[in-house]
Amino acid sequence: MFMANPSLLLQSFFFFFLLPCLSSSCPEYQKQALLQFKFSILAINSSFHTLDSWNSSSSSCCLWDKVTCSSPSTSTSSVVIELHLSNLFARLMPSNLLAPLFLIRSLRVLDLSSNHLSGELPEEIGNLTKLNSLDLEGNLLTVETPFRLFDFKDLQSLLLGGNSLTWNNNMKVVPKCSMNQLHGPLPQWLAEFQTLSGLSLSHNKLSGSLPTALFRSSQLLNILALSHNNFSGELPKNIGDAKSLIILMLDGINFSGPIPQSISQISNLVLLDLSGNRLSGNIFPVFDPQGNLWYADFSSNQFSGEVPTTFPLDIETLALGGNKFSGALPLNLKKLRNLERLELQDNNISEIPINTEFAVNELIVNWKKYKQGLSSHYIDMYFLLDLSNNQLSSEIPASLGALKALKMLNLSFNKFFGKIPASLGDLQNVESLDLSHNKLSGPIPIAFTKLQQLTTLDVSNNKLTGQIPIGGQMNAIAYPNFYANNSGLCGFQIRVSCPEDLPPTPKLQEHDNKEPRILLEAVGIGYLVGLILTIGIIFLAGYFNPSSPSNNRRRHHHHPHRLIRQRI
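Here is what the cut-offs are and how they apply
Residues numbered from 1 in each chain as written. Predicted model: local features only at pLDDT ≥ 70, side-chain atom pairs only at ≥ 80, totals over all residues. Heavy atoms only, no water. Pairing = 2+ DSSP bridges. Helix = DSSP H or I, 4+ residues; strand = E, 2+ residues; numbered from the N terminus. Disulfide = S-S within 2.5 Å. Buried < 20%, exposed > 50% of the residue type's maximum accessible area, 1.4 Å probe, protein only. Contact = heavy atoms within 4.5 Å. Phe/Tyr/Trp six-rings, centres within 6.5 Å; stacked < 30°, edge-to-face > 60°. Salt bridge = Lys/Arg side-chain N within 4 Å of Asp/Glu carboxyl O.

Asker: Help me get a handle on the sheet that holds strand β17 (residues 278–281), residues and values and all.
Answerer: If you trace the five strands from one edge of the open sheet to the other, you get β15-β17-β19-β21-β23, paired in parallel fashion. Sheet topology places β15 (256–257) and β23 (348–351) at the edges, where each strand pairs with a single neighbour. Where β17 meets strand β19 (residues 302–305), two bridges bridge the pair, whose relative direction is parallel. Along β19, the bridge assignment pairs G281 with F303.

Asker: Before we move on, could you go through the sheet that holds strand β7 (residues 140–141) and cite the residues and values that matter?
Answerer: An order of β3-β5-β7 is seen for the three strands of this open sheet, with the pairing classed as parallel. Looking at the sheet topology across the chains shown, the edges are occupied by β3 (93–94) and β7. Pairing of strand β5 (residues 117–119) with β7 involves two bridges; the strand directions are parallel. Looking across to β7, one finds that G119 is bridged to L141.

Asker: Which residues make up the pairing of β19, and what values do they have?
Answerer: Bridge analysis of β19 against strand β21 (residues 324–328) gives two bridges, and the strand direction is parallel. Its bridge partner being in β21, G305 is matched across the sheet by F325.

Asker: Which residues make up the state of the cysteines, and what are the values?
Answerer: Across all of its chains, the model carries three disulfides by this definition. One disulfide in the model links C62 with C69; its S-S distance is 2.1 Å. Note on the C62 and C69 pair: the S-S dihedral is about -95°, so by sign convention the disulfide is left-handed. Residue C62 shares its accessibility class with C69, and that shared class is buried. Shown here for the protein is a disulfide pattern of 1-2, 3-4, 5-6, where each number marks a bonded cysteine counted in sequence order.

Asker: Tell me about the side chain of S423, and please be specific about residues and values.
Answerer: Mapped onto the elements of the fold, S423 is located in the loop between β26 (417–418) and β27 (432–434). Relative accessible area serves as the criterion here: at 16%, S423 is assigned to the buried category. Beyond its immediate sequence surroundings of up to four residues, S423 is in contact with A398 and G401.

Asker: Outline unusual backbone geometry, supporting the account with residue identities and numerical values.
Answerer: One non-glycine residue, S114, lies in positive phi territory at about 55°. Note that S114 resides in the loop between β4 (109–111) and β5. The residue F413 is not glycine, and still its phi comes out positive at about 55°. In this structure, F413 sits in the loop between β25 (408–410) and β26. Looking at F413, the relative accessible area reads 45%, which means it is partly exposed.

Asker: Got a sec to walk through the packing of aromatic side chains? Specific residues and values, please.
Answerer: One pass over the structure, following the stated rule, counts 14 aromatic pairs. Aromatic side chains W294 and Y295 sit 5.8 Å apart centroid to centroid with 70° between the ring planes, which places their arrangement in the edge-to-face category. Of the residues examined, W294 reaches a relative accessible area of 26% and is grouped as partly exposed. Residue Y295 is classed as buried on the basis of its relative accessible area of 5%. With 5.9 Å between their ring centres and 35° between their planes, F298 and F311 make a pair best called tilted.

Asker: Could you give an account of the environment of F448, naming the residues involved and the relevant values?
Answerer: Looking at where F448 falls in the secondary structure, it is placed in the loop between β28 (439–442) and β29 (456–458). On a C-alpha basis, the gap between F448 and I468 in space is 9.8 Å, while along the polypeptide they are 20 residues apart. Excluding residues that lie within four positions of it along the chain, F448 makes contacts with I420, L424, G425, L433, L457 and M474.

Asker: Explain the pattern of salt bridges residue by residue, including any values.
Answerer: Using the criterion set out here, one finds four salt bridges in the structure. A salt bridge links D314 to R337; the shortest N-O distance between them is 2.9 Å. Here D314 is found in the loop between β19 and β20 (317–319), whereas its partner R337 is found in the loop between β21 and β22 (341–343), with 23 residues between them in sequence. For R337, a relative accessible area of 41% gives the class partly exposed.

The structure is reproduced here in structure tokens:
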């Protein structure tokens, strides 16, 4: 029989049970630093209970709430590597109470967001040289941009938004992360930094003009995101010299003037967003047909002239809405063979050529005005066509029915006239159809009952007539506002009965004429029968009671009516 070695059992017990318990205990100095932080809070707010699990009787701070320790090994014990301390305070707290936390040099993640912290950051924050992520968003820190934060070689994420930090223009270090609430012009030294590969300073208050040094050919910039700032003036004419740019986002600013023609020379450009500016002109850059640009947003500017089509053939997203483009919808749009998203709403487009064939593969357009609860992710791919709020004046092209992948079709606020083409009933995937505010007439096609995905249909403010189709999803779309201002429509969806739905009206004229005729016939027959019977009775009475001749004269004298009877 096999007998276990007691010494081996003891060693196994030590390694598998005692060693993890010993090594999972955080260093005592880290435990004391955390307790000191808690006591600093209690000295200000004695009713603070969020960190009740932090107590001196606990064997290890690794077991405390909001504390994460490293995994123990045979050579090292556990240390505190993460502190998730967001939303601790609902009142203003001084930032100097953070000082004990900065003694824990093993920290890699420190989240102090949304804590109403005010004042300057303690200098001891420079001790945290192993930080990967620091989140100070949503506080009230008032200090110049803390340059010491940019010395952390392992720092990958720095969130400073929602504070009142100011930019130090004399700082000679390069931030490796996004920052918020920066004021003033973009520092020249930053624009001239040759090895900078990515710069994201969106959603700040930077002002002035863009330094031309940002776009020198020697720049290695791949990503430049300066969206939603207060820059002004025109885009630098040498913008096309930044040959390394892949992503350029300058949306939501105040740039004016034309788009520099040189921008089409950035051959590696994949994403270009110039929306929400005051850019103008009627001549667009001519991009290389074989270029890499797949997303281009020029919406909400002041461009004019014909709708441009000088884009790479493989472009997938093209946003041109909210400008002043006019004329007919270009026939050569169909050459953009991979076009998936097209925005043309809010322009002055006046014509869709009748012979236009919408042969675009699964046309997708961002419907910015949609408010019915569909997903609103930044680049969600909904298959839809939005030509709303233009000057389109024609019949709706029947060829639109060939766009089988359409999820939404918006032709509202135009001047379309004539009947709604029945071919729209072939849009088997359409979920929302807006034809409102046009001059459409005739009935709603019965083919709409085939649209099994349809959840929203707006045909209000037209001249439609007849019964709203019954069946399929049309039964569920019973919102009167979607059919309003069409005086000729009827149906249960709008609680207006159609003539064929009313109970049959009694045919009073036919009934009244027939009944008196029958009555007169009955009276006539009765009168005739009565007359015959009366005459017969009189006759029979005279026949069975003959008078003698000797008495005739006497009877005639006393009964003159018998003479009449005899004559009869």
